[in-house]
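Okay, here's what each chain looks like letter by letter:
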Amino acid sequence: MKAVVYHEFGPADVLKCEDVPKPAPKENEVLIKVRAASINPLDWRMMKGEPRFVRLIARLWRMTGRMGVDVAGEVEAIGPNVKAFKPGDKVFGTCRGAFADYACTPESKVAPIPDKVTFEQAASVNVAGLSALQGLRDRARIQRGEKVLINGAAGGVGTFAVQIAKTLGAEVTGVCSTRNVEMVKSIGANAVIDYTKEDFSKLGKCYDVIFDCIGNKSHSECRRVLNPKGRLILVGAPHDPKLIDIVAPLIKAVLSSPFMSRKVLPFIGKANKEDLSFIAELIATGKITPVIDRCYSFNEAADAVRYVEKGHARGKVLLVPA
């Protein structure tokens, strides 16, 4: 079978589409015939191994060499202890090494794909959709009628966040570039700020929640446009951060938030089968629509990763078998 692999840390040029052995499912695993997989910043950061501490994380998590964690496909085979799925079932969710013809993952990491949801739509959900849902619903605990600003509204997490915030009853403002203004409006944003023309932190309008997908504003800049008891949710990081750029804001947030009414709350989404199903149902009923920018074949993985790494993808970028 074909799989996208790399044998050393580096730029997208290290990616190769090679023949590798087809895996076999362990006791609690399903073997998935991959129909679509999506690219996340985590993928290219692990591939590059920059900043350097990422290499340690990659090795500890056993994520070196293979690419991809977002998958959608059909169950090809099951381990002897699998109860929830059978061969032929359509599933999606978390699967390490998803950029391959076949990949194995625990049955607890995937959920069924509803009939009205495509493989491409399902493949876009795992990291981006769960980050948006859990960050807004569980971390920010947004309430109906609250004013929510999504910084980075045109990206993978941002396009889900705009739509999920709307389903939770929020009044949503999206921040994006000029070329994405109409798209962000089309997915439900009540207002859109073009960051090439205006700085949301200097406009004087305040929000109950700022959901920061890109990390290009300081905590103090964001806090001054938060309402009393407002929440800044840190989801994304700067494009090429140093270790100090990641660690320092997190430490500052943890130490300062208990003493301030305006909270700064770091957040990382977690794999959750029930939440995957919840988002899939929102897609099936037309309440949200995944934004898919482009699809590439596995042979074009290097080009796809280069495109995502530039930081200007609109929604999600997918890889599909040839």
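Just above, that's the structure.
Just so it is clear, the model here is predicted, and its values are computed rather than measured.

Caption draft 1: A look at the overall build of the protein. When you go through the protein residue by residue, the secondary structure sums to 10 helices and 15 strands. When each of the 322 residues of the protein is scored for burial, the buried share is 53%. Considering only residue pairs separated by 6 or more positions, the protein has 67% of its internal contacts joining residues 24 or more positions apart. Of the accessible surface of the protein, which amounts to about 14,700 Å², a share of 53% is contributed by carbon and sulfur atoms.

Caption draft 2: Up close: the nonpolar core. The biggest cluster of nonpolar side chains holds 52 residues, and the ones touching the most others in it are F92, I150 and V184. Ignoring sequence-local partners within four residues, the contact set of F92 consists of V71, A72, K109, V110, A111, P112, I113, A122, V125, L276, S277 and A280. Grouped together as the second largest cluster of nonpolar side chains are 36 residues, V4, V71, C95 and A301 included.

Caption draft 3: Expanded view of the pairing of strand β5 (residues 90–94). Here β5 lies mainly inside the structure; four of its five residues are buried. Pairing analysis gives five bridges linking strand β4 (residues 70–78) to β5, with the strands arranged antiparallel. If you follow A72 over to β5, its bridge partner there is F92.

Caption draft 4: Structural view of the pattern of salt bridges. A complete count under the given rule lists 14 salt bridges for this structure. D13 is the salt-bridge partner of R306, the closest N and O atoms lying 2.4 Å from each other. Taken as a pair, R306 in helix α10 (residues 301–309) and D13 in the loop between β1 (2–5) and β2 (16–19) lie far apart in primary sequence, 293 residues in all. According to the relative accessible area criterion, D13 is partly exposed, its value standing at 49%. For E146, the salt bridge identified is with R231, shortest N-O distance 2.9 Å. With a gap of 85 residues between them, E146 in the loop between α4 (126–140) and β8 (147–151) and R231 in strand β12 (residues 226–234) connect regions that are remote in the sequence. E146 sits in the buried class, given a relative accessible area of 14%.

Caption draft 5: Molecular detail of the environment of A271. Following the sequence through the fold, A271 ends up in the loop between β13 (263–266) and α9 (273–284). The sequence separation of A271 and N126 amounts to 145 residues, and the corresponding C-alpha distance is 7.6 Å.

Caption draft 6: Fine view of the packing of helix α1 (residues 41–48) against α10. Between α1 and α10, whose axes approach to 10 Å, the crossing angle comes to 105°. Viewed along their axes, α1 and α10 adopt a mutual orientation that is roughly perpendicular. In this structure, α1 contributes W44, M47 and K48 to the contact, and α10 contributes V305, V308 and E309. When its residues are assigned to classes, the contact of α1 with α10 shows four nonpolar, no polar and two charged.

Caption draft 7: Highlighting α10. Buried residues dominate α10, accounting for seven of its nine residues. All of the buried residues along α10 are A301, A302, A304, V305, Y307, V308 and E309. Where α10 is buried, its residues touch β1, α1, β14 (292–297) and β15 (316–320). At the C-terminal side of α10, G311 shows a positive phi close to 85°.

Caption draft 8: Just unusual backbone geometry, in detail. A positive phi angle, near 50°, is found at R141, a position not held by glycine. Turning to its location among the elements, R141 is positioned in the loop between α4 and β8. Residue class for R141 comes out exposed when judged on its relative accessible area of 59%. Despite not being glycine, K229 has its phi angle at roughly 70°, a positive value. Inspection of the secondary structure assignment puts K229 in strand β12.

Caption draft 9: Just the sheet that holds β8, in detail. One open sheet accounts for six strands, arranged β10-β9-β8-β11-β12-β13; its pairing is parallel. Both edges of this open sheet fall to β10 (191–194) and β13, since each of them pairs with a single strand only. Taking the axes of each pair of neighbouring strands and ignoring which way they run, one obtains an average angle of 20° across the sheet. In the sheet, strand β9 (residues 171–176) pairs with β10 via four bridges, with the strands oriented parallel. From the neighbouring strand, G174 faces β10, where its bridge partner is V192.

Rules and cut-offs
Residues numbered from 1 in each chain as written. Predicted model: local features only at pLDDT ≥ 70, side-chain atom pairs only at ≥ 80, totals over all residues. Heavy atoms only, no water. Helix = DSSP H or I, 4+ residues; strand = E, 2+ residues; numbered from the N terminus. Buried < 20%, exposed > 50% of the residue type's maximum accessible area, 1.4 Å probe, protein only. Contact = heavy atoms within 4.5 Å. Areas by Shrake-Rupley, 256 points an atom, 1.4 Å probe, with all protein chains shown as cover. Core = buried A, V, L, I, M, F, W, Y, C linked by side-chain atoms within 4.5 Å. Pairing = 2+ DSSP bridges. Salt bridge = Lys/Arg side-chain N within 4 Å of Asp/Glu carboxyl O. Axes fitted to C-alpha atoms, helices over the stretch in contact; angles between N-to-C directions. Parallel < 35°, antiparallel > 145°, perpendicular 65-115°, else oblique. Nonpolar A, V, L, I, M, F, W, Y, C, P; charged D, E, K, R; others polar.

Geometry only, nothing functional implied.
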